[in-house]
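Coordinates in review
Chain by chain, the residues run as shown.
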Amino acid sequence: MSRFWSQVVRDLTPYVPGEQPKIANLIKLNTNENPYPPSPRVLAAIRGELGDDAARLRLYPDPNADLLKAAVARRHGVTAQQVFVGNGSDEVLAHAFQALLKHDAPILFPDITYSFYPVYCGLYGVAYRTVPLTADFSIDPADYCGQANGGIIFPNPNAPTGRLLALDAIERILAANPDSVVVVDEAYVDFGGDTAIGLVARYDNLLVIHTLSKSRALAGLRVGFAVGHPALIEALERVKNSFNSYPLDRLAIVGAVAALEDEAHFADCCARVVASRERLVGELAGLGFDVLPSAANFIFARHPQRDAAELAGALRDRNIIVRHFKLPRIDQHLRITVGTDDECRALSDALREILA
Ligand SMILES: *Cc1c(COP(=O)(O)O)cnc(C)c1O
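Residues numbered from 1 in each chain as written. Predicted model: local features only at pLDDT ≥ 70, side-chain atom pairs only at ≥ 80, totals over all residues. Heavy atoms only, no water.

1. Observations concerning the overall build of the protein chain
This is how it is decided: Each helix is a run of H or I in the DSSP string that is no shorter than four residues. Each strand is a run of E no shorter than two, and both are numbered from the N terminus. Both definitions apply: the radius of gyration is a C-alpha atom measure, and the globule rule equals 2.2 Å times residues to the power 0.38. Note on areas: Shrake-Rupley, 1.4 Å probe, and residue coverage restricted to the protein chains presented here.
Secondary structure assignment for the protein chain yields 11 helices and 12 strands. The C-alpha atoms of the protein chain give a radius of gyration of 21 Å, which matches the 21 Å a tight globule of 356 residues would have. The principal-axis extent of the C-alpha atoms belonging to the protein chain is close to 55 × 55 × 50 Å. Total accessible area on the protein chain is roughly 16,000 Å²; 53% of this is exposed by carbon and sulfur atoms.

Written as structure tokens, this is what we have:
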């Protein structure tokens, strides 16, 4: 605290990202990064953009990232006017809170969800009400129908539970809330869900947000995008152009385009993660864990007899880090990113030893 701080800064409760420790030989299963490298075409595109003397970095990037919007539009069968791109989906989400979710009525999101949502509410002064997940940690669409609200946001699959909501349930929420924007944060949808982007043509209140950080293995490049009705996209552009004209640098734009164009690498990478996830679920169930069904690149599990914080600590002593949230309802769960098969095996071997 300092006398120089504005009132807004005094009142903030910032988001705390999963740690990125600088320890060698760490098995890092705490922030849902992809265990495989991005498409080799990404590196080639970035090298090409740099050229021999990096002189191109002298010039500003395209403020509209038109090449990237076109690539997203091609990949998802929409028009470029239905696409917004940003510096990671966190930035896209931030703009959505300010541009589309800030109204008089409180917005709705699940009590257990991506913990950045209440942080954006604090930053932008958005009122919110949390809606409890059911006892089995699912979203019940009925809880989002027939309640006055200023907007709705949830991840699908949800984080940190990994549970998937079917498209018909999302459509029910959209149809019941024609005067609210419904934001579906599909950070993990490529690992086992159906995207709601196909519903954008029929629902002008739907905004679907994607990231290249998880399924495209580009968390370090910082690229996310939104797909929605052009009027929703225009709102995001108005905020973006009042904040930072160039959120995506030259390397990010060409790298992201290359990633979106390498369908084979993407499909192979996702299939490998999904196969490892299913093996890991089986292993942990064999060790006595209750594991929620996951459609993401992480699993959410608890051991009925062992304290989650102690398990996380014991794993850490063995150089394996997973995520533990000290939050109501989930403080006995661990969120474990699906790594390579070797990493998953090291994890289950360590847990077997700890539980013995
Ligand atoms: C990882 C994650 C994001 C943020 O992704 P970036 O594009 O890396 O900013 C957004 N939403 C959820 C639910 C996530 O888990």
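Structure's up, so let's keep going.
2. Observations regarding the domain arrangement of the protein chain
It is common to give the size of an interface as the accessible area that goes away when the parts come together. The test is simple: How far each domain reaches was decided by an automatic or database domain assignment. Contact criterion: two residues are considered in contact whenever any of their non-hydrogen atoms come within 4.5 Å of each other. As used here, buried area is the combined drop in accessible area, with a 1.4 Å probe, of two parts when they are placed together. Any carboxyl oxygen of Asp or Glu within 4 Å of a side-chain nitrogen of Lys or Arg constitutes a salt bridge here. Nitrogen and oxygen atoms within 3.5 Å of one another constitute a polar contact, given that in protein one can donate a hydrogen and the other can accept it, and given that sequence-neighbouring residues count only through two side-chain atoms.
Domain boundaries in the protein chain define domain 1 (7-38 + 264-355) and domain 2 (40-262). The straight-line distance from the C-alpha centre of domain 1 to that of domain 2 is 24 Å. The interface is formed by 32 residues belonging to domain 1 together with 36 residues belonging to domain 2. A combined buried area of about 2,700 Å² lies between domain 1 and domain 2, and 66% of that area is made up of carbon and sulfur atoms. Summed over the shared surface of domain 1 and domain 2, the number is one salt bridge. For Asp111, the salt bridge goes to Arg329, with nearest N and O atoms at 2.9 Å. Between the two partners, domain 1 and domain 2, sit 11 residue pairs in polar contact (both at pLDDT 80 or more). Contributions of two or more residues to the side of domain 1 that touches domain 2 are made by α9 (263-286) and β10 (298-302). Residue contributions to the side of domain 1 that touches domain 2 peak at seven residues, all from α9.

3. Examining the pairing of strand β3 (residues 107-110)
The criterion, for reference: Strand pairing is assigned whenever DSSP detects at least two bridges linking the two strands. Looking down the strands as they point away from the viewer, one classifies a crossover as right-handed if the path from the first strand across the helix to the second runs clockwise.
Sheet topology places β3 next to strand β4 (residues 128-131); four bridges connect them, and they run parallel. If you follow Ile107 over to β4, its bridge partner there is Tyr128. Between the parallel pair β3 and β4, the chain is carried across by helix α5 (residues 116-124), and the sense of this crossover is right-handed.

4. Brief notes about the nonpolar core
As a rule of thumb, nonpolar side chains are buried together in soluble globular proteins. Note the cut-off: Throughout, nonpolar core names a set of buried Ala, Val, Leu, Ile, Met, Phe, Trp, Tyr and Cys residues whose side chains join them through atoms within 4.5 Å. Between buried and exposed lies partly exposed: a residue is buried under 20% and exposed over 50% of the maximum accessible area for its type, with that area taken using a 1.4 Å probe on protein chains only.
Membership of the largest hydrophobic core comes to 52 residues, with the highest contact counts inside it found for Leu68, Phe154, Leu206, Leu212, Val223 and Leu248. Looking at this core, you find at least three residues from each of domain 1 (7-38 + 264-355) and domain 2 (40-262). In this structure, Leu248 is in contact with Pro61, Ala65, Leu68, Val85, Gly86, Asn87, Arg222, Val223 and Ile253, ignoring residues within four places of it in sequence. Ranked by size, the runner-up nonpolar core spans 35 residues in total, among them Phe266, Phe289, Val322 and Val338.

5. Some words on empty space enclosed by the protein
So the rule is basically this: Residues are called lining when one of their atoms sits within 4 Å of a cavity or pocket point, these points coming from a 1 Å grid over the protein atoms alone, where a cavity is a set in which a 1.4 Å probe fits but cannot get out and a pocket is an open set with protein on both sides within 12 Å along at least five of seven lines. Grid points are joined across faces, edges and corners, and a volume is the space filled by probe spheres set on the points.
For the coordinates displayed, the defined rule picks out three cavities of 30 Å³ or more. Put simply, the largest cavity is a space of about 80 Å³.

6. Focus on the site of the ligand
Our working rule: We call a residue near a molecule or strand whenever a single non-hydrogen atom of that residue lies within 4 Å of it. Only Asp, Glu, Lys and Arg are considered charged, only Ala, Val, Leu, Ile, Met, Phe, Trp, Tyr, Cys and Pro nonpolar, and every remaining residue, Gly among them, polar.
Taken together, Gly88, Ser89, Asp90, Leu93, Tyr114, Asp185, Ala187, Tyr188, Thr211, Ser213, Lys214 and Arg222 form the complete shell of residues around the ligand. At 2.6 Å from an oxygen atom of the ligand is found a main-chain nitrogen or oxygen belonging to Ser89. One of the side-chain nitrogen or oxygen atoms of Tyr188 is found 2.5 Å away from an oxygen atom of the ligand. Compared with its free state, where it exposes 390 Å², the ligand has 93% of that area covered by protein. Looking at which element gives the most residues to the shell around the ligand, the answer is helix α4 (residues 88-101), with four residues. Residues belonging to the shell around the ligand are distributed by class as follows: four nonpolar, four polar and four charged.

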